[in-house]
Amino acid sequence: MAASTADTAPAAPRAKRDRTHYLYIAVIAAVALGIAVGLIWPDAAVELKPLGTGFVNLIKMMISPIIFCTIVLGIGSVRKAAKVGAVGGIALGYFLVMSLVALAIGLVVGNVLHPGDGLHLTDALKQTGHDQVSSEALPPVDFVLSIIPTTFVSAFTQGQVLQTLLVALLAGFALQAMGSAGQPVLRGIEHLQRLVFRILSMVMWAAPIGAFGAIAAVVGSAGLDALKSLAVLMVGFYVTCFLFVFIVLGALLRIVSGLNVFSLFKYLAREFLLILSTSSSESALPRLIAKMEHLGVSRPVVGITVPTGYSFNLDGTMIYMTMASLYIADALGTPMSIGEQIPLLLFLLLASKGAAGVSGAGLATLAGGLQSHKPALVDGVGLIVGIDRFMSEARALTNFAGNAVATVLVGTWTKEIDKVRVRRVLSGELPFDETTLLDEGRTTVSEVAETREEGLVKA
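One numbering rule holds for all chains: residues counted from 1, following each sequence as written. Where totals are concerned, whole chains, interfaces and linings use all residues; where local detail is concerned, this predicted model gives features only for residues with pLDDT of at least 70, and gives and counts side-chain atom pairs only at 80 or more. The side-chain numbers reported here are obtained from all heavy atoms of the structure, hydrogens and water having been left aside.

Asks: Help me understand the overall build of the protein chain, please; the structure alone is not making it clear to me.
Replies: Secondary structure follows DSSP: runs of H or I at least 4 residues long count as helices, runs of E at least 2 residues long count as strands, and numbering of each begins at the N terminus. Scanning the protein chain from N- to C-terminus turns up 22 helices and 0 strands. We call a residue buried when its accessible area falls under 20% of the maximum for its residue type, exposed when it is over 50%, and partly exposed in between, using a 1.4 Å probe and counting protein chains only. Buried residues in the protein chain amount to 52% of all 459 residues. It only takes one pair of heavy atoms within 4.5 Å for two residues to be counted as in contact. Expressed as a percentage of contacts within the protein chain between residues at least 6 apart in sequence, the contacts between residues at least 24 apart total 85%. Reported accessibility uses the Shrake-Rupley method at a 1.4 Å probe radius. Residues are deemed covered only where the shown protein chains occlude them. Here the protein chain has roughly 20400 Å² of accessible surface; of this, 66% comes from carbon and sulfur atoms.

See the structure below:
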């Protein structure tokens with residue numbers, strides 16, 4: 001009888017297989033193939049650039065709706081508006097301090113290496129440098145005014161992260177003030193968020209094609225000659241970014257949150273690979289939002305810290321601008337004294353915020369900043385155009401790492417992080433759902449706190 005029962009018992013349901021690991025293996029293969037094509041057929045490789053641009057544009061298409069849904073759901077579910085204000089204040093204060101630290105580190109390394117000594121500038125390179133000055137980089141006052149969208153809808157169509165952030169904050173606070181009357185709207189936005197993340201998971205299957213086109217075009221356009229002549233600056237910049245991420249950010253993460261930076265970056269390994277292959281930190285922004293929520297950081301903290309950090313917490317760009325400025329000054333035979341470097345550091349701190357969201361922000365911001373602060377140095381920007389795309393890899397990776405760490409730190413300081421869940425996620429006990437990019441039915445820290453407050457009031 002027992003045997004009969006065993007024979008007829010239904011089989012246990014099969015665990016759902018995660019097929020997305022094949023996707024990232026394909027991305028690695030595509031990067032290797034793109035490098036090979038760029039070296040063997042450079043002219044043809046340059047023509048493949050639209051493949052990379054198209055993929056990054058697909059990702060950017062999803063950024064505004066994801067930021068809007070995340071922030072509105074986060075703020076709308078919190079009873080006290082002061083909590084959201086505290087998160088924003090702490091985040092902006094941290095971003096300012098870390099920007100100054102990154103700029104200072106870039107200056108120290110630049111003064112030690114002096115990588116620009118002995119180079120010569122041609123008239124062609126001078127013109128190339130002036131061509132990089134972007135008219136899109138705005139002065140501080142105009143930048144602040146540009147955060148206000150022309151219409152409510154244009155915040156989603158112009159691709160400006162800070163405009164979307166402003167509209168989402170206003171909508172979140174409005175729904176918060178509506179109380180129970182706003183709950184149906186919140187439920188509708190929650191369903192919209194599921195749809196948007198599902199579309200994103202579909203778009204990600206185009207990553208190998210985008211990675212192939214982007215890498216092939218970069219290698220084909222720059223070639224090996226440009227790398228050899230500027231190897232000192234490149235290596236110095238990469239080493240500086242590495243030390244900043246693993247020593248400065250790693251120490252902060254350990255001291256404040258008690259977490260190992262290697263464990264956090266292992267959890268974000270797919271996002272780092274995506275950035276490396278596309279040379280754009282924006283390509284991983286939607287996934288960073290989803291993964292930080294899954295990690296155990298509350299929705300309000302993730303929704304405010306990540307989008308704001310992508311405009312104000314650009315550690316890699318800070319290091320790049322100071323090192324590149326000193327490199328150019330040395331190459332032109334007009335090295336700057338410490339008295340000249342400090343004002344430049346402070347100016348670049350403001351200039352980087354004014355150019356947030358500009359395509360090719362690192363080079364455009366550098367050229368625009370030098371044009372305003374020390375125009376004679378703009379001629380030398382042409383010296384680094386050939387390797388800028390390779391250096392943008394390190395910029396993007398460092399910017400992303402800085403924002404990931406910042407989200408955990410702000411969550412810890414505001415007590416909006418589930419530390420037990422963090423350890424379970426980082427140990428692999430609670431894997432991230434690559435299909436939906438969402439945790440269905442998970443209760444956030446803020447929701448637990450609100451429930452507790454309601455219980456105390458009733459008691």
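Asks: Help me understand the packing of aromatic side chains in this model?
Replies: Put simply, two rings from Phe, Tyr or Trp (the six-membered ring, in Trp's case) pair if the centres are within 6.5 Å, and we call them stacked under 30 degrees between planes, edge-to-face over 60, tilted for the rest. The full count for this structure, using the stated rule, is 9 aromatic pairs. With a centroid separation of 5.1 Å and 85° between ring planes, the pair formed by phenylalanine 272 and phenylalanine 400 is classed as edge-to-face. Here phenylalanine 400 lies in helix 20 (residues 385-413) and phenylalanine 272 lies in helix 14 (residues 269-278), a separation of 128 residues in the sequence. An identical accessibility class is assigned to phenylalanine 272 and phenylalanine 400; each is buried. Among the aromatic residues, those joined into a cluster by ring pairs are Phe242, Phe246, Phe262, Phe265, Phe272 and Phe400. Comment: the charge-over-ring label is applied if NZ (Lys) or CZ (Arg) is within 6 Å of the ring centre and within 35 degrees of the ring normal. Across the ring face of tyrosine 267, the terminal group of lysine 291 is positioned such that the distance to the ring centre comes to 4.8 Å.

Asks: Please explain the side chain of threonine 398 as it appears in this structure.
Replies: Tracing the chain through its elements places threonine 398 in helix 20. With relative accessibility at 3%, the residue threonine 398 sits in the buried group. Separated by 2.7 Å, the side chain of threonine 398 and the backbone oxygen of alanine 394 make a polar contact. Among residues more than four places away in sequence, those in contact with threonine 398 are Cys241, Phe244, Val245, Asp315 and Gly316. Polar contact is defined as a pair of N or O atoms within 3.5 Å, subject to the rule that within protein one atom must be able to donate a hydrogen and the other to accept it, and that residues adjacent in sequence are counted only when both atoms are side-chain atoms.

Asks: Help me out: how do you make sense of the UniProt feature "transmembrane region" (unreviewed entry) in the protein chain in this one?
Replies: Within this structure's numbering, the places UniProt gives as "transmembrane region" (unreviewed entry) are residues 22-41, 61-78, 90-113, 161-181, 202-224 and 230-256. The span residues 90-113 is 100% helical and 0% strand by assignment, and the distance between its end C-alpha atoms comes to 35 Å. UniProt positions are given in the numbering used here, feature names are shortened, and annotations may be inferred rather than shown by experiment.

Asks: Looking at this structure, I do not really get the pattern of salt bridges. What am I missing?
Replies: Side chains that carry opposite charge are capable of pairing whenever their charged atoms lie near each other. A pair is scored as a salt bridge if a Lys or Arg side-chain nitrogen falls within 4 Å of a carboxyl oxygen belonging to Asp or Glu. Scanning the model with the defined rule gives 5 salt bridges in all. Its salt-bridge partner being arginine 287, residue glutamate 271 comes within 2.5 Å of it at the nearest N-O pair. Of the two residues, glutamate 271 sits in helix 14 while arginine 287 sits in helix 15 (residues 285-295), which places them 16 residues apart along the sequence. By relative accessible area, which is 2% here, arginine 287 ends up buried. Between lysine 291 and glutamate 271 there is a salt bridge, with the nearest N and O atoms lying 3.2 Å from each other. Of this pair, lysine 291 sits in helix 15 while glutamate 271 sits in helix 14; the two residues are 20 residues apart in sequence, bridging distant segments of the chain. With a relative accessible area of 3%, lysine 291 lands in the buried category. Overall, the relative accessible area of 0% leaves glutamate 271 in the buried class. What emerges from the salt-bridge pattern is a single network uniting Glu271, Arg287 and Lys291.

Asks: Teacher, can you tell me more about unusual backbone geometry here?
Replies: Negative phi values dominate among residues other than glycine, just as trans dominates among peptide bonds. Backbone geometry at lysine 415 places phi at a positive 60°, although glycine is not the residue there. Relative to the elements of secondary structure, lysine 415 occurs in the loop between helix 20 and helix 21 (419-426).

Asks: Quick question: what am I supposed to make of the packing of helix 15 against helix 16 (residues 299-312) here?
Replies: The relative placement of two packed helices comes down to the angle between their axes together with the axis-to-axis distance. At a minimum axis distance of 10 Å, the contact between helix 15 and helix 16 shows a crossing angle of 150°. Accordingly, the angle class assigned to the pair helix 15 and helix 16 is roughly antiparallel. As for the relative orientation of helix 15 and helix 16, their crossing is right-handed in sense. Here Leu285, Leu288, Ile289, Met292 and Glu293 of helix 15 come into contact with helix 16, specifically with Arg299, Val302, Val306 and Tyr310. To obtain each axis, a line is fitted to C-alpha atoms, and for helices this fit is confined to the stretch in contact; angles are then taken between N-to-C directions over 0 to 180 degrees. Orientation is classified from the angle alone, with under 35 degrees giving roughly parallel, over 145 giving roughly antiparallel, 65 to 115 giving roughly perpendicular, and any other angle giving oblique. For any helix crossing, the convention is left-handed if the near helix is rotated counterclockwise from the far helix by under a right angle, and right-handed if that rotation is clockwise.

Asks: Please clarify how the packing of helix 4 (residues 49-76) against helix 15 should be interpreted in this entry.
Replies: One way to put it is that helix 4 packs onto helix 15 with a least axis distance of 8 Å and a crossing angle of 35°. Across the interface between the two elements, Ile59, Ile63, Ile66, Ile67 and Thr70 of helix 4 pack against Leu285, Pro286, Ile289 and Glu293 of helix 15. Along the lines of polarity and charge, the residues of the contact of helix 4 with helix 15 split into 7 nonpolar, 1 polar and 1 charged. Charged means Asp, Glu, Lys or Arg here, nonpolar means Ala, Val, Leu, Ile, Met, Phe, Trp, Tyr, Cys or Pro, and polar covers whatever is left, Gly included.

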